[in-house]
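Chain by chain, the residues:
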Amino acid sequence: MVKVNFLGPINKKSISLEISSLKELKEILQKDDSLKEWLDLCAVTVNDEIATSLDLALKDKDIVNLLPPVSGG
């Protein structure tokens, strides 16, 4: 299982999924209307490293974080 965390203002509880890539995760998350607006804005980390490709393979016990943009001063 891959754990997916939604950080900051996304305001969703973490989920665990049987998935094999970030591309597969994106396809699943796009079905959730409340997440669609965030998917193109968020940075994504896998095990605390920035992911640069949707083709990145995921394995059991990986942790994916969706990091929305922030602003402040």
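This is a predicted model, so every value here is computed, not measured.

Procedures and definitions
- Residues numbered from 1 in each chain as written.
- Predicted model: local features only at pLDDT ≥ 70, side-chain atom pairs only at ≥ 80, totals over all residues.
- Heavy atoms only, no water.
- Helix = DSSP H or I, 4+ residues; strand = E, 2+ residues; numbered from the N terminus.
- Rg over C-alpha atoms; globule rule 2.2 N^0.38 Å.
- Buried < 20%, exposed > 50% of the residue type's maximum accessible area, 1.4 Å probe, protein only.
- Areas by Shrake-Rupley, 256 points an atom, 1.4 Å probe, with all protein chains shown as cover.
- Lys, Arg positive; Asp, Glu negative; His and termini not counted.
- Charge placed at Lys NZ, Arg CZ, Asp CG, Glu CD.
- 1 Å grid on protein atoms, 1.4 Å probe; cavity = no way out; pocket = protein on both sides within 12 Å on 5 of 7 lines; lining within 4 Å.
- Points joined across faces, edges and corners; volume = space filled by probe spheres on them.
- Nonpolar A, V, L, I, M, F, W, Y, C, P; charged D, E, K, R; others polar.

Turning next to the overall build of the protein. Within the protein one finds two helices and five strands. If you list the helices and strands of the protein from N to C, you get β-β-α-α-β-β-β. Scaling as 2.2 N^0.38, a compact globule of 73 residues should have a C-alpha radius of gyration of about 11 Å, and the protein matches this with 12 Å. For the protein, the spread of C-alpha atoms along the principal axes amounts to about 35 × 25 × 20 Å. Scored against the burial criterion, the 73 residues of the protein give a buried share of 33%. Carbon and sulfur atoms make up 51% of the accessible area of the protein, which amounts to about 5000 Å² in all. With 9 positive and 12 negative side-chain charges, the protein shows a separation of 4 Å between the mean positions of the two kinds.

This next bit is on the layout of surface pockets. There is about 230 Å³ of room inside the largest pocket. If you go around the largest pocket, you meet 13 residues; those closest to its centre are Lys-26, Leu-39, Cys-42, Val-44 and Leu-54. The greatest single-element share of the lining of the largest pocket, amounting to four residues, is contributed by helix α1 (residues 22-29). Class assignment for the residues of the lining of the largest pocket results in nine nonpolar, two polar and two charged.

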